[in-house]
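# Per-entry structural report
Here is what each chain is made of, one letter per residue.
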Amino acid sequence: MITESSHPELLRMTGIIKHFPGAKALDGVDLDIRAGEVHCLLGQNGAGKSTLIKVLAGAHQPDAGQISWRGETVRIGSTQAALKLQLAVE
Ligand SMILES: Nc1ncnc2c1ncn2[C@@H]1O[C@H](COP(=O)(O)OP(=O)(O)O)[C@@H](O)[C@H]1O
Ligand SMILES: [Mg+2]
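Fair warning: this is a prediction, and the values are worked out from it, not measured in the lab.

Next up on the list: the pattern of salt bridges. Enumeration over the complete set of coordinates arrives at four salt bridges. Measuring nitrogen to oxygen at the nearest pair gives 2.9 Å for the salt bridge that ties glutamate 9 to arginine 12. The partly exposed category is assigned to arginine 12, whose relative accessible area is 36%. Accessibility expressed as a relative area gives 22% for glutamate 9, which makes it partly exposed.

With respect to spatial proximity, the complete set of residues near ligand 1 consists of Phe20, Ala23, Ala25, Gln44, Asn45, Gly46, Ala47, Gly48, Lys49, Ser50 and Thr51. Contacts to ligand 1 include glycine 48, whose backbone N or O atom sits 2.9 Å from an oxygen atom. For ligand 1, whose unbound accessible area comes to 560 Å², protein coverage reaches 60%. Those elements giving two or more residues to the shell around ligand 1 turn out to be β2 (23–34) and α1 (49–56). If one sorts the elements of the shell around ligand 1 by residue count, α1 sits on top with three residues. For the shell around ligand 1, a count of residues per class yields four nonpolar, six polar and one charged.

It is worth spelling out the nonpolar core at this point. Leu11, Met13, Ile67 and Ile76 are the most contacted members of the largest nonpolar core, which has 16 residues in total. When residues of this core are traced back to their parent elements, those giving at least two are β1 (9–20), β2, α1 and β3 (64–69). In terms of residue count, β2 provides more of this core than any other element does, four residues in total. With residues near it in sequence (within four places) discarded, isoleucine 67 still touches Leu11, Arg12, Met13, Ile16, Val55, Glu72, Thr73, Val74 and Ile76.

What counts, and where the lines are drawn
Chains are numbered independently. Their residues run from 1 in the order of the written sequence. Chain letters start at A and ligand numbers start at 1, both assigned in the order the entries are written. Totals for whole chains, interfaces and linings use every residue, but because this is a predicted model, local features are given only for residues with pLDDT of at least 70 and side-chain atom pairs only at 80 or more, for both listing and counting. In computing side-chain values, all of the structure's heavy atoms are included and hydrogens and water are not. The rule for a salt bridge is simple: a side-chain nitrogen of Lys or Arg has to be within 4 Å of a carboxyl oxygen of Asp or Glu. Exposure is judged per residue with a 1.4 Å probe applied to protein chains only, and the accessible area is read against the type maximum: over 50% gives exposed, under 20% gives buried, and values in between give partly exposed. Summary of the distance rule: residues count as near a molecule or strand when at least one heavy atom falls within 4 Å of that molecule or strand. Polar contacts here mean pairs of N or O atoms no more than 3.5 Å apart (in protein, one a potential hydrogen donor and the other a potential acceptor; neighbouring residues in sequence count only if both atoms are side-chain atoms). Under the convention used here, a 1.4 Å probe and the Shrake-Rupley method define accessible areas, while residue burial counts only the protein chains that appear. Only DSSP runs of H or I with at least four residues qualify as helices, and only runs of E with at least two residues qualify as strands; both kinds are numbered from the N terminus onward. Classes in brief: Ala, Val, Leu, Ile, Met, Phe, Trp, Tyr, Cys and Pro nonpolar; Asp, Glu, Lys and Arg charged; the others, Gly included, polar. Throughout this description, the term nonpolar core refers to a set of buried Ala, Val, Leu, Ile, Met, Phe, Trp, Tyr and Cys residues connected via side-chain atoms within 4.5 Å. Working rule for contacts: check all heavy atoms of both residues, and any pair within 4.5 Å makes them a contact.

Below you can see the structure in the form of structure tokens.
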């Protein structure tokens with residue numbers, strides 16, 4: 001049986017908001033990922049997929065929201081900071 005303890009939570013993004021001039025790219029996005037899971041991010045052009053991943057990669061700073069990684073709240077202030085956390089985006 002798969003239990004929560006055998007698949008601990010890796011990533012939790014909560015209430016992520018990101019505005020660009022003239023566009024609200026992310027409007028309170030929540031995403032939870034546990035170890036071993038594979039997720040597919042789907043949405044039409046302009047839905048905010050790339051922006052969400054760029055927030056995770058430290059390439060964009062969210063206007064609001066929280067990110068927890070391996071159980072700790074983190075601020076991913078740069079792409080270098082993401083890599084330091086072992087968050088790699090290809
Ligand atoms: N660097 C940027 N500057 C201004 N607007 C942007 C920028 N990046 C994305 N956007 C806008 O944010 C919205 C989401 O874009 P994006 O995350 O690229 O969507 P997707 O990857 O799902 O196609 C769109 O309206 C897009 O035009
Ligand atoms: Mg995209």
